[in-house]
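Structural overview
Residues per chain are reported as follows:
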Amino acid sequence: MTVTVPMGAPAQAWTVWSPCGPDCVAHAAGRTPALRALRRTAAFGRALVGAVARGERIAEPETLRSHAAGLLTALGIRLEVAGDPALGAPGPTGTLVVANHISWLDIVALLAVEPVVMLAKREVADWPVVGPLAERAGTVFIDRAGLRQLPGTVREISHLLRAGRSVVVFPQGVTWCAGTGGDFRRATFQAALDAGAPVRPVALEYLQHGAPSTVAAFVGEDDFGSSLRRVLRADGLTIRVRNHRPLLPVPGRDDRRTLAARAQARVCGTGPARHG
């Protein structure tokens, strides 16, 4: 794959941006009692210590899945999977799993469904809780400001897919409060085309007592501590992972542009990209 950068193009031309900020984030239900939040905090701390204590063994698929599910349970979060029960599709290759991006919890929820390789922005490695676990689990980190590294990243994803490993990417490139905004970036879809791998569109939804909620959104200038405190006080929080049918690239018809558009239509709906 060749990436051409116009001479003299300003850096902001390549910046992925979302209008979501603190004003987008709100509880959709009453806050859980303080005592319950304290219990969750203690349980989350124990679950995190247990995961870190596994060391390199955290990369073992069932160990990773178990600890990811344990972190959600400690936070009082229910995980609901709709559609196919697995992220990966049957076949000789791995699956390129493409999901909308709302929160740091997206990573934990997807790993609780199926241990897969994650593609994440470089900053995730520095996040408390998620960063060290993501790194030990074999996450591929990408520098969004380093466009020259993109072809190498695409080759690495393609290699993983050919080797039978499924890879999760967040093609919006940035978090949105409800996950339905922003156009899908096309570059990583080239990896599926190169490897002849299916693409699994996955829609993530956050609910409180069945009502859509932005309480878990990690957007704008939000910091991890503030986000975690909101989640600890969130009552009746559910993460719904909706696994759509895999898309099989059609030779001679699909390129990365059409494949990205087909995936976005499945994940975010067929209308134009929108805020929230």
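Residues numbered from 1 in each chain as written. Predicted model: local features only at pLDDT ≥ 70, side-chain atom pairs only at ≥ 80, totals over all residues. Heavy atoms only, no water.

This part is about the nonpolar core. Ranked by internal contacts, the top residues of the largest apolar core, which has 61 residues, are L75, W104, L105 and L110. In terms of residue count, helix α3 (residues 105–113) provides more of this core than any other element does, 8 residues in total. When sequence neighbours within four positions are dropped, the list of residues in contact with L105 reads L72, L75, I77, Y206, A216, V231 and I239. Of all hydrophobic cores here, the second largest spans 28 residues; its members include V98, A191, L259 and A263. (Core = buried A, V, L, I, M, F, W, Y, C linked by side-chain atoms within 4.5 Å. Buried < 20%, exposed > 50% of the residue type's maximum accessible area, 1.4 Å probe, protein only. Helix = DSSP H or I, 4+ residues; strand = E, 2+ residues; numbered from the N terminus. Contact = heavy atoms within 4.5 Å.)

Axis separation between helix α2 (residues 61–74) and α3 bottoms out at 7 Å; the angle between their running directions is 130 degrees. Classified by the interaxial angle, the pair formed by α2 and α3 is oblique. α3 is crossed by α2, and the crossing has left-handed handedness. Residues L64, R65, A68, A69, L71 and L72 of α2 pack against L105, V108, A109, L111, A112 and V113 of α3. A per-class count over the contact of α2 with α3 returns 11 nonpolar, no polar and 1 charged. (Axes fitted to C-alpha atoms, helices over the stretch in contact; angles between N-to-C directions. Parallel < 35°, antiparallel > 145°, perpendicular 65-115°, else oblique. Left-handed = near helix turned anticlockwise from the far one by under 90°. Nonpolar A, V, L, I, M, F, W, Y, C, P; charged D, E, K, R; others polar.)

Enumeration over the complete set of coordinates arrives at 10 salt bridges. A salt bridge links D254 to R262, with the nearest nitrogen and oxygen atoms 2.5 Å apart. We classify D254 as buried; its relative accessible area is 11%. For R262, a relative accessible area of 25% gives the class partly exposed. (Salt bridge = Lys/Arg side-chain N within 4 Å of Asp/Glu carboxyl O.)

Our next topic: the side chain of T188. With respect to the helices and strands, the residue T188 is situated in the loop between β5 (167–169) and α6 (189–195). For T188, a relative accessible area of 10% corresponds to the buried category. With residues up to four places along the chain from it excluded, the contact list for T188 reads L96, L119, I157 and V169.

The description of two aromatic rings rests on the distance between their centres and on the angle between their planes. Following the criterion strictly, the structure yields 2 aromatic pairs and no others. Between W104 and F224 the ring centres are 4.7 Å apart and the planes differ by 50 degrees, which places this aromatic pair in the tilted class. Pair noted here: W104 is in the loop between β2 (96–99) and α3 and F224 is in helix α7 (residues 224–233), with a separation of 120 residues, a long-range link. Each ring, one from F218 and one from F224, has its centre 6.5 Å from the other, and the planes form 90 degrees; the classification is edge-to-face. On the basis of relative accessible area, F224 is assigned to the buried category, the value being 9%. Taken together through their ring pairs, the aromatic side chains of W104, F218 and F224 make up a single cluster. (Phe/Tyr/Trp six-rings, centres within 6.5 Å; stacked < 30°, edge-to-face > 60°.)

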